[in-house]
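# Results of the structural survey
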Amino acid sequence: MADFHLLITDWYRQNKRALPWRSTKDPYSIWLSEIILQQTRVDQGTAYYLKFVTKYPTVRDLAAAEEQEVLNLWQGLGYYSRARNLHATAKFITNELNGEFPPNFNGLKQLKGVGDYTAAAIASFAYKEPVAVVDGNVYRVLSRIFDLETPIDSTLGKRQFAELAQELISTKDPDTHNQAIMEFGALQCTPSNPSCEVCPLIGMCSSFKNGTINLRPVKSKKTKVRDRFFHYLVFEDEQYVYIQQRKEKDIWQNMYEFPLIETSEKKTLINFEPYTDIPPIKISEEITHILSHQRIHTLFYHFPSTELKNKNELMEITKEDFVDYPIPRVIDRYLESL
Ligand code: SF4
């Protein structure tokens, strides 16, 4: 399998994108980039990465930040539990490990929010430890080259692909090898229309030979997505608006939002108890926001703030100050559309 390594790293040297985290061996910067890239594509992730390393150049700087400040910087990436884990892990490394990242794969895996993939990425990129990364790109590339039918979301599939990736990795150059296979999946062996006609691995690609490219990788389960229906009530005047903090253990915990009524089915609300008795002066178009296991269908209803009956638990803030609060992306999207 030396051929595989040589061909893919040669391709990588000629085709790789210049990404800021590729020029560092600092485990903190690599960890930041990996956590951000779990949330978003490379183009958007680059901007977030640069914001984070500029504001918090070291793990100690991140640990010393206020949680709200970290959530604000994270805003737009979704999945705020990851931002909280990021912050908690920075504090743990600073306070318990004297600001030093664990020096190997097994140690890195003990960190909160760091699984096999992230630990392998940091250990190989920062320390040249020969541990293979297995992400969606790696599953696709290996399933096609070896024409593997085992579902990648089965226990057996996970084990088989992890073992195969580990057999293939170069012990001398594990960092380039891992970067190369992921970049190859992102740019060349893409989910639809891979560039087979100009592929240096075509000679060893079994699914090309067998005509099964579009069937690889195989997945056994479909993710169940739950539909939820959110009705946000915007009580406002020229200057002020009312918001609340999400306290429940649910999506967007601790973030801020307008008063909310949730329904179990799709409908336009006519009853706004306990907040007001009057009909809204404006209702938005529906905005749908898709999370990994939930589809949030959202409507915004506008009312004059003088009609708000029940102010319990609500905060009156100026519209200008609203941007200083971490808010769900769907509200951000709505405000941008106004
Ligand atoms: S020949 Fe096509 S399917 Fe096979 S590795 Fe190359 S790009 Fe992927």
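Treat the numbers as computed from the prediction; the structure is a model and nothing was measured. (Residues numbered from 1 in each chain as written. Predicted model: local features only at pLDDT ≥ 70, side-chain atom pairs only at ≥ 80, totals over all residues.)

## Brief notes about the site of the ligand
The environment of the ligand is made up of 14 residues, and the closest members are Cys-189, Pro-194, Cys-196, Cys-199 and Cys-205. Taken together, the residues that form the shell around the ligand break down as 10 nonpolar, 3 polar and 1 charged. (Near = placed C-beta within 6 Å. Nonpolar A, V, L, I, M, F, W, Y, C, P; charged D, E, K, R; others polar.)

## A word on the packing of helix 2 (residues 27-37) against helix 3 (residues 42-55)
The N-to-C vectors of helix 2 and helix 3 enclose an angle of 140°; their axes lie 9 Å apart at closest approach. In terms of orientation, helix 2 and helix 3 fall into the oblique class. For the pair helix 2 and helix 3, the crossing hand works out as right-handed. Contact residues: Ser-29, Leu-32, Ser-33, Ile-36 and Leu-37 in helix 2; Val-42, Gly-45, Tyr-48, Tyr-49, Phe-52 and Val-53 in helix 3. (Axes fitted to C-alpha atoms, helices over the stretch in contact; angles between N-to-C directions. Helix = DSSP H or I, 4+ residues; strand = E, 2+ residues; numbered from the N terminus. Parallel < 35°, antiparallel > 145°, perpendicular 65-115°, else oblique. Left-handed = near helix turned anticlockwise from the far one by under 90°. Contact = placed C-beta atoms within 7 Å.)

## Overview of the nonpolar core
Grouped together as the largest cluster of nonpolar side chains are 49 residues, with contacts concentrated most on Leu-32, Ile-122, Val-138 and Leu-142. Discounting chain neighbours no more than four positions away, the residues touching Leu-142 are Leu-148, Phe-161, Leu-164 and Ala-165. In terms of nonpolar packing, the next biggest core, distinct from the first, is built from 19 residues, Phe-303, Ile-327, Ile-331 and Tyr-334 among them. (Core = buried A, V, L, I, M, F, W, Y, C linked by C-beta atoms within 7 Å. Buried ≥ 20, exposed ≤ 12 C-beta atoms within 10 Å, placed from the backbone.)

## Description of the pairing of strand 2 (residues 240-245)
One ladder, built from 4 bridges, connects strand 2 with strand 8 (residues 315-318); its direction is antiparallel. What sits directly across from Val-241, in strand 8, is Ile-317. Of the strand pairs in this sheet, strand 2 and strand 3 (residues 256-257) are connected by 2 bridges, and their pairing is antiparallel. Of the residues in strand 3, the one forming a bridge with Gln-244 is Glu-257. (Pairing = 2+ DSSP bridges.)

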